[in-house]
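Structure at a glance
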Amino acid sequence: MAKGYSYSLLREWLGAEEARNSHLIEGLLPHQKLLLFSEGSMTVELELLTRARVEAEVRFTGETLLTPEEASCLGAAPGARAAEREVWLKAGGRKLIYARTLIPLDMIDPGLYEALYGSGKGAGKNCSEPLGRVLAEKGILFGKERLEIGVVKSPSVSLGLGAPAETPLFARRYVLFNGSAERWIIKAAVAEIFSPELAALSVRSSAWA
């Protein structure tokens, strides 16, 4: 499996409050705004929206070293080892979100790591399950912080959606966490690229994206 999370930023990342007051979200319906700014489980919210079970089509799992930017975002050391996972979130056979999760190895509970990745082989028994469902099954609550919204061009994601390579797509990134520096259950950098079916840019917002 090859990595698919690559993009060009068409509109700089905006903090959640700034994004709410920008032209960026013009034309979005209320439920689309709720998804874009969601602080809860995306798995649950997609299932409520689509009335179908959400599945994760795993595109990549492995380990990587944190870049300085990633390390700063997570409060980790640059070059620290991290588990990396990329999936399509699908419902009713339709691809809805391309998601990348990055978790420093010293910021995840061993049991949760095992559930997601297996014994260091990237093939845990729940590897094909969305992260939100794995956390729910283990009774792990979580918070989100540093939510940012942007617009990207990602030919690989657009190809997966059957859309033109130049299609501008909504994206967001945030830190998902449970625990503290003394003991993290999980602290992850999550990035998501949305299908236009979920949230499409209006003509006005895409003109300057």
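Here is a short report on the structure shown in this document. Treat the numbers as computed from the prediction; the structure is a model and nothing was measured. (Residues numbered from 1 in each chain as written. Predicted model: local features only at pLDDT ≥ 70, side-chain atom pairs only at ≥ 80, totals over all residues. Heavy atoms only, no water.)

Attention now moves to the overall build of the protein. For the protein, the helix and strand inventory stands at eight helices and seven strands. Referenced to the eigenvectors of the C-alpha coordinate spread, the extents of the protein come out at roughly 45 × 35 × 30 Å. Counting only contacts in the protein whose residues sit at least 6 apart along the sequence, the fraction spanning at least 24 positions is 66%. Summed over all atoms, the accessible surface of the protein reaches about 9800 Å², with 53% contributed by carbon and sulfur. Computed over 25 positive and 25 negative side-chain charges, the separation of the two mean positions in the protein equals 4 Å. (Helix = DSSP H or I, 4+ residues; strand = E, 2+ residues; numbered from the N terminus. Contact = heavy atoms within 4.5 Å. Areas by Shrake-Rupley, 256 points an atom, 1.4 Å probe, with all protein chains shown as cover. Lys, Arg positive; Asp, Glu negative; His and termini not counted. Charge placed at Lys NZ, Arg CZ, Asp CG, Glu CD.)

Moving on, we get to the packing of aromatic side chains. One pass over the structure, following the stated rule, counts three aromatic pairs. Ring centres 6.3 Å apart and planes at 90° place the aromatic pair Tyr7 and Trp13 in the edge-to-face group. When the centroid spacing of 5.0 Å and the interplanar angle of 85° are considered together, the rings of Trp88 and Tyr98 count as edge-to-face. Taken as a pair, Trp88 in strand β3 (residues 81-91) and Tyr98 in strand β4 (residues 94-104) lie far apart in primary sequence, ten residues in all. (Phe/Tyr/Trp six-rings, centres within 6.5 Å; stacked < 30°, edge-to-face > 60°.)

This part is about the side chain of Arg85. Turning to its location among the elements, Arg85 is positioned in strand β3. Nearest to the buried, unbridged Arg85 among oppositely charged side chains is Glu129, at 7.5 Å. Of note is the side chain of Arg85, whose polar atom sits 2.7 Å from the backbone oxygen of Glu129. (Buried < 20%, exposed > 50% of the residue type's maximum accessible area, 1.4 Å probe, protein only. Salt bridge = Lys/Arg side-chain N within 4 Å of Asp/Glu carboxyl O. Polar contact = N/O pair within 3.5 Å; in protein donor to acceptor, adjacent residues only side chain to side chain.)

Next up on the list: the sheet that holds β4. If you walk across this open sheet you meet the seven strands as β1-β5-β6-β7-β4-β3-β2, and the pairing is antiparallel. Strands at the two margins of the open sheet, each flanked by one partner only, are β1 (8-15) and β2 (54-65). Each strand of the sheet is rotated relative to its neighbour by a mean of 20°, with strand direction disregarded. Note: strand β5 (residues 143-153) against strand β6 (residues 168-180), nine bridges, orientation antiparallel. From the neighbouring strand, Val151 faces β6, where its bridge partner is Phe170. Along the sheet face, helix α3 (residues 42-50) touches β2, β3, β4, β6 and β7 (183-194) and points at about 175° away from the line of β4. Sheet strands in contact with helix α5 (residues 110-117) are β2, β3, β4 and β7, and its direction is about 50° off that of β3. (Pairing = 2+ DSSP bridges. Axes fitted to C-alpha atoms, helices over the stretch in contact; angles between N-to-C directions.)

As a further point, take the pattern of salt bridges. Tallied over the entire structure, the rule returns 17 salt bridges. Across the pair Glu12 and Arg11 runs a salt bridge, and its minimum N-O distance is 3.4 Å. You can call Arg11 buried: its relative accessible area is 17%. Residue Arg20 pairs with Glu17 through a salt bridge whose shortest N-O separation is 3.5 Å. Taken together, the residues span about one helical turn, with Arg20 and Glu17 both in helix α1 (residues 16-20) at a distance of three residues. Arg20 gets classed as partly exposed once you look at its relative accessible area, which sits at 40%. Taken together, the shared-partner salt bridges in this structure form one network comprising Glu47, Arg53, Glu55, Glu129 and Arg133.

This next bit is on the environment of Glu86. Structurally, the position occupied by Glu86 is in strand β3. Between the alpha carbons of Glu86 and Lys138 there is a distance of 21 Å; along the sequence they are 52 residues apart.

When β6 meets β7, the two strands line up antiparallel, connected through ten bridges. Paired with Arg173 across the bridge in β7 is Ala191. The antiparallel pairing of β6 with β7 creates a hairpin that spans two residues between the two strands.

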